[in-house]
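# Structural features, examined
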Amino acid sequence: MESTTADEVLDEVLFPSDPLRRRKDFCLDRLAGIARLEARTAAEKVRVLAELVEVCAALDPPGQSPQEATAQEMSLVAEVACVLTVGERTAGALLAESLELTNALPLTLSALQDGSLSSCLCK
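As the structure is a prediction and not an experimental result, all values here were calculated from the model.

Calculation criteria
- Residues numbered from 1 in each chain as written.
- Predicted model: local features only at pLDDT ≥ 70, side-chain atom pairs only at ≥ 80, totals over all residues.
- Heavy atoms only, no water.
- Helix = DSSP H or I, 4+ residues; strand = E, 2+ residues; numbered from the N terminus.
- pLDDT = per-residue confidence, 0-100.
- Buried < 20%, exposed > 50% of the residue type's maximum accessible area, 1.4 Å probe, protein only.
- Axes fitted to C-alpha atoms, helices over the stretch in contact; angles between N-to-C directions.
- Parallel < 35°, antiparallel > 145°, perpendicular 65-115°, else oblique.
- Contact = heavy atoms within 4.5 Å.
- Nonpolar A, V, L, I, M, F, W, Y, C, P; charged D, E, K, R; others polar.
- Core = buried A, V, L, I, M, F, W, Y, C linked by side-chain atoms within 4.5 Å.

## A few points about the environment of D60
Along the chain, D60 falls in the loop between α2 (19-59) and α3 (66-84). Along the sequence, D60 and Q72 sit 12 residues apart, while their C-alpha atoms lie 8.1 Å from each other.

## Side note on the confidence of the model for the chain
Residues with a pLDDT of 70 or more make up 85% of the chain, whose mean pLDDT is 85. Ranking the elements of the chain by mean pLDDT puts helix α6 (residues 119-122) last, at 57, and helix α4 (residues 88-103) first, at 94.

## Remarks on unusual backbone geometry
We note that T85 has phi near 50°; this positive angle belongs to a residue other than glycine. Mapping T85 onto the fold places it in the loop between α3 and α4. Judged by relative accessible area, T85 falls into the exposed class, the value being 69%.

## Some points on the packing of α2 against α4
Look at α2 against α4: their axes get within 8 Å of each other, and the N-to-C directions meet at 95°. The angle between α2 and α4 falls in the class roughly perpendicular. Contact with α2, carried on its side by K45, V46, L49, A50 and V53, involves L94, L95, S98, L99, L101 and T102 of α4 and no other residues of that element. Classifying every residue of the contact of α2 with α4 gives eight nonpolar, two polar and one charged.

## A look at the nonpolar core
Counting residues in each nonpolar core, the largest one holds nine residues, listed as L49, C56, L76, V77, V80, A81, A91, L94 and L95. Broken down by secondary-structure element, the contributors of at least two residues to this core are α2, α3 and α4. Counting residues per element, this core draws most heavily on α3, at four residues.

Shown next, in the form of structure tokens:
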């Protein structure tokens with residue numbers, strides 16, 4: 001037995017024989033669900049990227065020179081770019097945003113995780 005919402009009842013009263021309107025509403029509901037799923041996926045990507053930075057910092061000793069530190073960072077960016085099939089500039093931005101969200105903006109990350117904020121609004 002299906003449960004009906006107040007909006008569905010109101011739609012049926014106002015538009016009793018309008019299957020296209022119901023179909024449109026169903027499409028919009030599905031899109032909203034996809035948007036929430038994408039936000040949760042983006043939040044998980046942020047967490048994994050932040051963890052990757054943490055693990056790499058523990059694995060690799062600090063660079064002995066600024067050039068060595070830069071090479072380590074460039075290596076990580078290149079690996080992320082390869083795995084995500086994005087450019088290195090995009091990968092670098094994702095890593096920076098991930099660290100910012102996990103360290104400085106945990107409430108924003110929580111909103112992203114629960115789907116109340118889209119990943120587009122986080123940038």
